[in-house]
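Examination of the molecular architecture
As a plain string of letters, each chain reads:
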Amino acid sequence: MVQTLKQMVYQGFGFTIASEMKLPELIQIKESSSSIEIVIQYEDLLNEWNSAEENEKGYSVQGNRILFEIEDVAVFAVDSGKKISISPHLGSDEDEIRLYVLGTCMGIILMQHHLLPLHGSAIVLDGEAYAIVGESGAGKSTLASAFMNQGYKLLSDDVIPICFTGKRPMVIPSYPSQKLWQESLDHFGMKSSNYQPLYGRETKFSVPVIEGFLPQSIPLAGVIELLPVEEHTISISPVNGLERLHTLFKHTYRNLFLKPLALMDWHFQSSVQLSKQLTIYQLKRPRSSFTAYDLVGVITDTIGKENKS
C-alpha cells in the first residue's frame, strides 16, 4: 500500500499543481485546495498495468487515461488532464522519475487540455515569443542559453505549451529551469559542480533560470527548426507550403499520443491556424563547432529584416 504523503503546491505550465513528489524546478506557491487544477500522487498501478492491454509502443489507453511503463523507473498514469499517478519500481531514482513527470506526463496533460506542446525552447524577442524546435541533441537549450546571455528572456525549455483561446496563439511559461549538457556548460564557462545532474551519473544538468525567466504568456510569432548539419556554415531559410504542417507535427512533443487520444483532427486544425499566423524557419548549424552566439545574430537579423518588411 502506497503511503499518503503531504502535497506541495506549485505553479507550472499555466496550472496550479498539487504534488506528493517534490518538484524543485517549479515555483512553489501557497494556494487553497479549491484552486488545484492538477494532482500528482503516488499510487500502486502494478496490478492495473499488468492486466492492461499494452500496445506495441508500450502504452495502454483507456478512454482519456493513458498508462505507460519506463523500465526500471516507474509505471505512470495520466488521467483526463487532471491527475498524474506514479508507481515507482524498486530501486528507481526519483530524479529520473521526475523527468518523465515534467516531460512525457505533462506533455499528455497539455494535449488533454487542448494546449499544443512543442518540443523545444521558447525565448522572447521584441515582445513576441519564438519557439526553437528540433530533435533531441539539436542544441535548442544551448541556443536559448546564448539568447539569455545576451539579455533575452526564456519562457520554456523542453516542452512549450501553446494556447489558442485568443486571436493569437500564446506561449505559456513552463518553469524557470533548463537542461544543459556538460559540453554546453563548458562553452558558457559554467561549472557543473554548481548544478544538479538530471539523475545518476548523467552529464546533463538541471540549471535554474532566475533572472532570465519571464513568468507571463507571450504571443507566439514564429517557429525556428534547428538542424545540425555536416556543413561548416550557418544558413536560414523559410519553411513553405505543406512542409510547415509537417514541421509542426514532427516537433509536437510526444506526438505518438495524438491518435490514441483522438486528437489528430484537433492537432491538424491547430497546425493550420499556426501555419497561417506564424513565420517558420529552418536554421542549419554546423554540427562540429560551437556557434550558439552566431546563431543568435542570424536569428535576430532575420527577424529584424522581416519586421521591417
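Coordinates for the structure precede this section.
In this report, the structure presented in the accompanying data block is examined. Quantities reported herein were computed from a predicted structural model and do not represent experimental measurements.

1. Remarks on the overall build of the protein chain
Scanning the protein chain from N- to C-terminus turns up seven helices and 18 strands. A globule of 309 residues ought to have a C-alpha radius of gyration of about 19 Å, and the protein chain, at 19 Å, matches this closely. For the protein chain, the proportion of its 309 residues judged to be buried stands at 52%. Contacts spanning at least 24 positions in sequence make up 65% of the contacts within the protein chain whose residues lie at least 6 apart. Accessible surface, the protein chain: about 14,800 Å² in total, of which carbon and sulfur atoms supply 49%. When the 26 positive and 35 negative side-chain charges of the protein chain are each reduced to one mean point, those points stand 6 Å apart.

2. Description of the sheet that holds strand β5 (residues 59–62)
Overall, mixed pairing links the eight strands, which are arranged β3-β1-β2-β4-β8-β7-β6-β5 in an open sheet. At either margin of the open sheet sits one strand with a lone partner, and together these are β3 (27–28) and β5. Against the sheet, helix α2 (residues 94–112) contacts β2 (15–19), β4 (38–42), β6 (65–70), β7 (74–79) and β8 (83–88), and its axis sits at roughly 25° relative to β7.

3. Details of the environment of E243
As for its position among the elements, E243 is in helix α5 (residues 243–250). Taking relative accessible area as the criterion, E243 reaches 42% and is therefore assigned partly exposed. Here the alpha-carbon distance between E243 and S275, two residues 32 residues apart in the chain, equals 9.8 Å.

4. Looking at helix α7 (residues 292–308)
Its 17 residues place the ends of α7 24 Å apart at the C-alpha level, agreeing with the 24 Å of an ideal helix rising 1.5 Å per residue. Residues A292, L295, V296, I299, T302 and I303 constitute the buried set of α7. For α7, the angular spread of buried residues about the axis comes to 140°, placing them on one side. Structural note: α7 exposes D301, K305 and K308 on the side pointing more than 90 degrees away from its buried face. Contacts made by the buried residues of α7 are with β9 (116–125), β10 (128–133), α3 (140–149), β16 (218–229), β17 (235–238) and β18 (279–286).

5. Looking at the pattern of salt bridges
For the structure on display, the rule yields eight salt bridges. With a shortest N-O distance of 3.0 Å, E128 and R168 are connected by a salt bridge. You can see E128 sitting in strand β10 and its partner R168 sitting in the loop between β11 (153–163) and β12 (170–171), a full 40 residues away along the chain. Judged by its relative accessible area of 35%, R168 falls in the partly exposed class.

Calculation rules
- Residues numbered from 1 in each chain as written.
- Predicted model: local features only at pLDDT ≥ 70, side-chain atom pairs only at ≥ 80, totals over all residues.
- Heavy atoms only, no water.
- Helix = DSSP H or I, 4+ residues; strand = E, 2+ residues; numbered from the N terminus.
- Rg over C-alpha atoms; globule rule 2.2 N^0.38 Å.
- Buried < 20%, exposed > 50% of the residue type's maximum accessible area, 1.4 Å probe, protein only.
- Contact = heavy atoms within 4.5 Å.
- Areas by Shrake-Rupley, 256 points an atom, 1.4 Å probe, with all protein chains shown as cover.
- Lys, Arg positive; Asp, Glu negative; His and termini not counted.
- Charge placed at Lys NZ, Arg CZ, Asp CG, Glu CD.
- Pairing = 2+ DSSP bridges.
- Axes fitted to C-alpha atoms, helices over the stretch in contact; angles between N-to-C directions.
- Expected span 1.5 Å × (residues − 1).
- Arc of directions from axis to C-beta.
- Salt bridge = Lys/Arg side-chain N within 4 Å of Asp/Glu carboxyl O.

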